[in-house]
Amino acid sequence: MTEELEHVKCLIIGSGPAGYTAAIYAARADLKPVMITGMQMGGQLTQTTDVENFPGYPGGVMGPDMMEDFRKQAERFGTDIRFGYVSAVDFSGPVHKVVVDDVKTILADTVIISTGASAKYLGLESEQKYNGFGVSACAVCDGFFFKNQDVAIVGAGDTAAEEATYLSKLCNKVYMLVRRDEFRASKAMVKRVLNTPNIEVLYNTETKEILGDNKAVTGVRVVNNQTQEERDLAVTGFFVAIGHKPNTDIFRDWLDMDETGYIITNPDSTSTKIPGVFVSGDAQDKIFRQAITAAGTGCMAALEAERYLAAKEYE
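Cut-offs and rules
- Residues numbered from 1 in each chain as written.
- Predicted model: local features only at pLDDT ≥ 70, side-chain atom pairs only at ≥ 80, totals over all residues.
- Heavy atoms only, no water.
- Patch = residues over 30% accessible without salt bridge, like charges linked within 9 Å, V, L, I, M, F, W, Y side chains within 5 Å.
- Areas by Shrake-Rupley, 256 points an atom, 1.4 Å probe, with all protein chains shown as cover.
- Salt bridge = Lys/Arg side-chain N within 4 Å of Asp/Glu carboxyl O.
- Helix = DSSP H or I, 4+ residues; strand = E, 2+ residues; numbered from the N terminus.
- Buried < 20%, exposed > 50% of the residue type's maximum accessible area, 1.4 Å probe, protein only.
- Pairing = 2+ DSSP bridges.
- Contact = heavy atoms within 4.5 Å.
- Axes fitted to C-alpha atoms, helices over the stretch in contact; angles between N-to-C directions.
- Parallel < 35°, antiparallel > 145°, perpendicular 65-115°, else oblique.
- Left-handed = near helix turned anticlockwise from the far one by under 90°.
- Disulfide = S-S within 2.5 Å.

Asker: What exactly am I supposed to notice about a nonpolar patch on the surface here?
Answerer: Taken together, the side chains of Met-39, Met-41, Phe-83 and Tyr-85 make up a nonpolar region of the molecular surface, amounting to roughly 410 Å² of accessible area. Tracing the sequence through the fold places Tyr-85 in the loop between strand 5 (80-82) and strand 6 (86-90). Overall, Tyr-85 belongs to the partly exposed group, its relative accessible area being 33%.

Here you go:
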């Protein structure tokens, strides 16, 4: 006896803003989408507290609550949402094979990849303890909550420099912690940082521990890696800007990616070099990385999947 393979029109991999929005549009187009949520159902926003920059929530919303709203809306239109993870894919044929939980194979006419990206952290226990309570990996998302306060940001690249200058417009003081004796950022971004009066750059500086009162961040202990001198900085916010890693390793043998792992799509499209495979959200967006932009590309991917299937019907 051989297992009868399930065949679906549209399979969505991932369940953040991009995946759920793709599901809403695909379901309304009668593509009868099946979603494999991944092990972190709802994506990065389930680790976020207040979200105040997503339209439609004038009073703000908790990240997990917003993702629950997205899920309910996707289910309302008939999306088949299944908890699990994709363990292998085969995009070699006209119908795509996707293995779920190492055991079940699904055949899909179209696949929408919405696996997102994960922020890189320093790996400190105290960093995880206060994640969402003063520790953040997104200054644009959370900087507003630290208005007129003192904060620290760790990183030395363009993203760190950009986020430090963003925070400088909101915060009283920004300590920028740079591990080496120079930036990795472009000269233009470095010039912008150095010309901002309320940013203090601490070179050769590494984070030893996030300090707090068991409720929120109250400071950060840093060490000069040349002199070994330790110092406590009184801050209420600690921002990590050392990069993101897209959750795309499983697709590496099939799709074009940049050096970091972001999937490369065709110009002005969510389509990839494999017909019928589309990518939305932070799996392909290394620039904006916002919930609203992820949702927008989820919409785009579903519309493109619908058009792809419609065109095949008339071949």
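Asker: Explanation requested: the sheet that holds strand 11 (residues 150-154) in the structure shown.
Answerer: Working definition: the strands of a sheet are paired by backbone hydrogen bonds and lie parallel or antiparallel to each other. With parallel pairing, the five strands of this open sheet are ordered in space as 10-17-11-12-13. Edge strands, defined here as strands with exactly one partner in the open sheet, are strand 10 (135-136) and strand 13 (199-202). In this structure, strand 11 lies alongside strand 17 (residues 237-240), joined through four bridges in parallel fashion. Residue pairing in the sheet places Val-151 in a bridge with Gly-237 of strand 17. Those strands touched by helix 5 (residues 158-168) are strand 11, strand 12 (173-177), strand 13 and strand 17, and its axis lies near 165° from that of strand 12.

Asker: I would appreciate a short explanation of the packing of helix 5 against helix 6 (residues 187-194) in the present structure.
Answerer: How two helices pack is summed up by the angle between their axes together with the distance between the axes. At a minimum axis separation of 9 Å, helix 5 and helix 6 run at an interaxial angle of 30°. The orientation of helix 5 with respect to helix 6, classified from their angle, is roughly parallel. Considering only the axes of helix 5 and helix 6, their crossing is left-handed. Here helix 5 contributes Asp-158, Ala-161, Glu-162 and Thr-165 to the contact with helix 6, which in turn contributes Met-189, Arg-192 and Val-193.

Asker: Sorry if this is basic, but what is going on with unusual backbone geometry here?
Answerer: Most peptide bonds take the trans form, and the phi angle of most residues other than glycine is negative. One non-glycine residue, Asp-30, lies in positive phi territory at about 65°. With respect to the helices, strands and loops of the structure, Asp-30 is situated in the loop between helix 1 (17-28) and strand 2 (34-36). According to the relative accessible area criterion, Asp-30 is partly exposed, its value standing at 45%. Positive phi, normally seen in glycine, also occurs at Arg-289, with a value near 55°. If you trace the backbone, Arg-289 turns up in the loop between strand 19 (277-279) and helix 7 (291-313). Owing to a relative accessible area of 18%, Arg-289 belongs among the buried residues under this scheme.

Asker: What is the right way to look at the state of the cysteines in this model?
Answerer: Two cysteines form a disulfide when their sulfur atoms are joined by a covalent bond. Within the structure shown, the criterion is met by one disulfide. Disulfide pairing places Cys-138 opposite Cys-141 at an S-S distance of 2.1 Å. Taking the torsion about the S-S bond as the criterion, the Cys-138 to Cys-141 disulfide, at about 70°, is right-handed. A relative accessible area of 27% places Cys-141 in the partly exposed class. Here Cys-10 is not disulfide-linked; the sulfur of Cys-299 is the nearest cysteine sulfur, at 13 Å. For Cys-10, a relative accessible area of 0% puts it in the buried group. No disulfide involves Cys-171; its sulfur sits 13 Å from the nearest other cysteine sulfur, which is in Cys-138.

Asker: Can you help me understand the pattern of salt bridges in this one?
Answerer: For side chains bearing opposite charge, pairing can occur when the charged atoms are close. Per the stated rule, a full pass over the model turns up 14 salt bridges. For Glu-75, the salt bridge identified is with Arg-71, shortest N-O distance 2.4 Å. On the criterion of helical spacing, the pair formed by Glu-75 and Arg-71 is a turn pair, its members being four residues apart in helix 2 (residues 63-76). Residue classification places Arg-71 among the buried residues on the basis of a relative accessible area of 16%. With its nearest N and O atoms 2.8 Å apart, the salt bridge here joins Asp-232 to Arg-221.

Asker: Please clarify how the sheet that holds strand 15 (residues 217-224) should be interpreted in this entry.
Answerer: Spatially, the three strands line up as an open sheet ordered 14-15-16, and their pairing is antiparallel. Both edges of this open sheet fall to strand 14 (205-212) and strand 16 (230-233), since each of them pairs with a single strand only. For this sheet the average axis-to-axis angle between neighbouring strands, irrespective of direction, equals 25°.

Asker: What am I meant to see in the pairing of strand 12 here?
Answerer: The element strand 12 is extensively covered by neighbouring structure, given that four of its five residues are classed as buried. The sheet contact formed by strand 11 and strand 12 spans five bridges and is parallel. Residue pairing in the sheet places Val-151 in a bridge with Val-174 of strand 12. Pairing analysis gives four bridges linking strand 12 to strand 13, with the strands arranged parallel. For Leu-177, the partnering residue across the bridge sits in strand 13 and is Leu-202.

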